[in-house]
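Overview (structure and organization)
Below, each chain spelled out in residue letters.
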Amino acid sequence: MKELSSVSWQLSTCQVIQNPIGIFDSGIGGLTVVKAIQAALPAERLIYFGDTARVPYGPKSQVTIRKYAADDTAILMRYQPKLIIVACNTVSALALDVVEKACGNIPVIGVLKAGASLAVQVTQNKRIGVIGTQATVCSNAYAFAINQQDSGIEVISQACPLFVPLAEEGFINHPATKLVAEHYLSEIRKQDIDTLVLGCTHYPILRQVIEETIGKEIRIIDSAEAVAYRTRELLSESGLLNHSTKTAIPHLLVSDLPQKFSMLYQLFMGSELPDVDLVEV
Ligand code: DGL
């Protein structure tokens, strides 16, 4: 009897190892996290949901963001994920508890905590800048997460709401992006920060312009790599790392399929668009 249950435990663990990692964001921004996970863990099956019909989340109220977070999680839960990654700082800041509750025993990783921890490790002068959506900045969640680890760090935040539509438009090196970056970053540039957290997963898409505008001497933190590291750590600790030698292709779900989605995907991911399913929200 005991042997049988140990066989069935092994079988169920094997099945879970094959299960996908679910990742979601409001739009294409979370693809920056998909790219980092793919590079770190190429054998893992990834299911990505981008809520392209309802992007942007940043200017919305907390009530709406929490509702969207519950919907997004429910969509990914249909695929029996072994782990959920919230590749959206806005949801990580305002609704991580909603996702955790909906996931039950399935572990959840949010980008915000990973980015905050990396920034704390990197800063030398203990002055960290954070840029993010209106909702993330107003929540003060970054300052809270950073000061929980080191209360002596000064956090200077700036909301940059136009960066999200500029990224969704693919305006990577566009003069409009440069102009907007000058406008948003002019104050934070005077604050003697040595580290700047890209506190929105859309922002790494505009990294070059942000870096040029803020100054190359300032260390930029993109939480995607920190999330990939934490994902490997968590799966390995729980014996759920997929050791297959095959490279998995991500499965994409979107709530709307904009015409330029394929072009944007190729631009950010450097590969052809895989199968995309349209889901209703
Ligand atoms: N990419 C998301 C974030 O990290 C959301 C941006 C938005 O939809 O406003 O906050």
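Notes on the structure in this doc start here. These numbers were taken from a predicted model, which means no experiment stands behind them.

Conventions and cut-offs
Residues numbered from 1 in each chain as written. Predicted model: local features only at pLDDT ≥ 70, side-chain atom pairs only at ≥ 80, totals over all residues. Heavy atoms only, no water. Pairing = 2+ DSSP bridges. Helix = DSSP H or I, 4+ residues; strand = E, 2+ residues; numbered from the N terminus. Axes fitted to C-alpha atoms, helices over the stretch in contact; angles between N-to-C directions. Buried < 20%, exposed > 50% of the residue type's maximum accessible area, 1.4 Å probe, protein only. Contact = heavy atoms within 4.5 Å. Near = heavy atom within 4 Å. Polar contact = N/O pair within 3.5 Å; in protein donor to acceptor, adjacent residues only side chain to side chain. Areas by Shrake-Rupley, 256 points an atom, 1.4 Å probe, with all protein chains shown as cover. Nonpolar A, V, L, I, M, F, W, Y, C, P; charged D, E, K, R; others polar. Phe/Tyr/Trp six-rings, centres within 6.5 Å; stacked < 30°, edge-to-face > 60°. Lys NZ or Arg CZ within 6 Å of the ring centre and 35° of its normal.

Concerning the sheet that holds strand β3 (residues 83-86)
Strand order in this open sheet of six strands is β4-β3-β1-β2-β9-β10, and the pairing throughout is parallel. Two strands lie at the open edges of the sheet, namely β4 (108-110) and β10 (276-278), each paired on one side alone. Neighbour-to-neighbour, the strand axes of this sheet turn through a mean angle of 20 degrees, independent of strand direction. Sheet analysis places strand β9 (residues 251-254) next to β10, joined by three bridges and oriented parallel.

Looking at unusual backbone geometry
Cis peptide bonds are those with omega within 30 degrees of zero, and the linkage from V55 to P56 qualifies with 5 degrees. For Q80, which is not glycine, the phi dihedral falls at a positive 50 degrees. Tracing the backbone through its elements, the reader meets Q80 in the loop between α3 (62-77) and β3. For Q80, a relative accessible area of 58% corresponds to the exposed category. A positive phi angle is found at D192, which is not glycine, with a value near 60 degrees. Here D192 shows up in the loop between α10 (175-189) and β7 (195-199). By relative accessible area, which is 52% here, D192 ends up exposed.

What to know about the side chain of S92
Within the element layout of this structure, S92 appears in helix α4 (residues 89-94). Among residues more than four places away in sequence, those in contact with S92 are V86, G110, V111 and L112.

Points about the environment of L264
Along the polypeptide, L264 turns up in helix α13 (residues 261-269). For L264, a relative accessible area of 3% translates into the label buried. With 95 residues separating them in the primary sequence, L264 and E169 have C-alpha atoms 8.2 Å apart.

A few points about the site of the ligand
Near the ligand you find 14 residues, and of these S26, Y57, N89, T90 and H202 are the closest. Between the ligand and G58, the relevant distance is 2.8 Å, taken from an oxygen atom to a main-chain nitrogen or oxygen of the residue. For the ligand, an oxygen atom lies 2.6 Å from a polar atom in the side chain of T90. Burial of the ligand by the surrounding chains reaches 99%, relative to a free accessible area of 300 Å². Partitioned by chemical class, the residues of the shell around the ligand number six nonpolar, seven polar and one charged.

Topic: the packing of aromatic side chains
Tallying each qualifying case throughout the model produces three aromatic pairs. Aromatic side chains F163 and Y184 sit 5.4 Å apart centroid to centroid with 90 degrees between the ring planes, which places their arrangement in the edge-to-face category. One end of the pair, F163, is in helix α9 (residues 163-169); the other, Y184, is in helix α10, with 21 residues separating them in the sequence. Across this residue pair, the class does not change: F163 and Y184 are buried. A centroid spacing of 5.2 Å and a plane angle of 90 degrees characterise the contact between F163 and Y203, whose relative ring orientation is edge-to-face. Here F163, found in helix α9, pairs with Y203, found in the loop between β7 and α11 (207-214); they are 40 residues apart in sequence, far enough to count as distant. Y203 matches F163 in its accessibility class, with the two residues each being buried. Counting every residue linked through ring pairs, the aromatic cluster contains F163, Y184 and Y203. Positioned over the ring face of Y68 is R54, at 3.9 Å from the centre of the ring.

In short, the description is geometric, and any link to function would need to be established separately.
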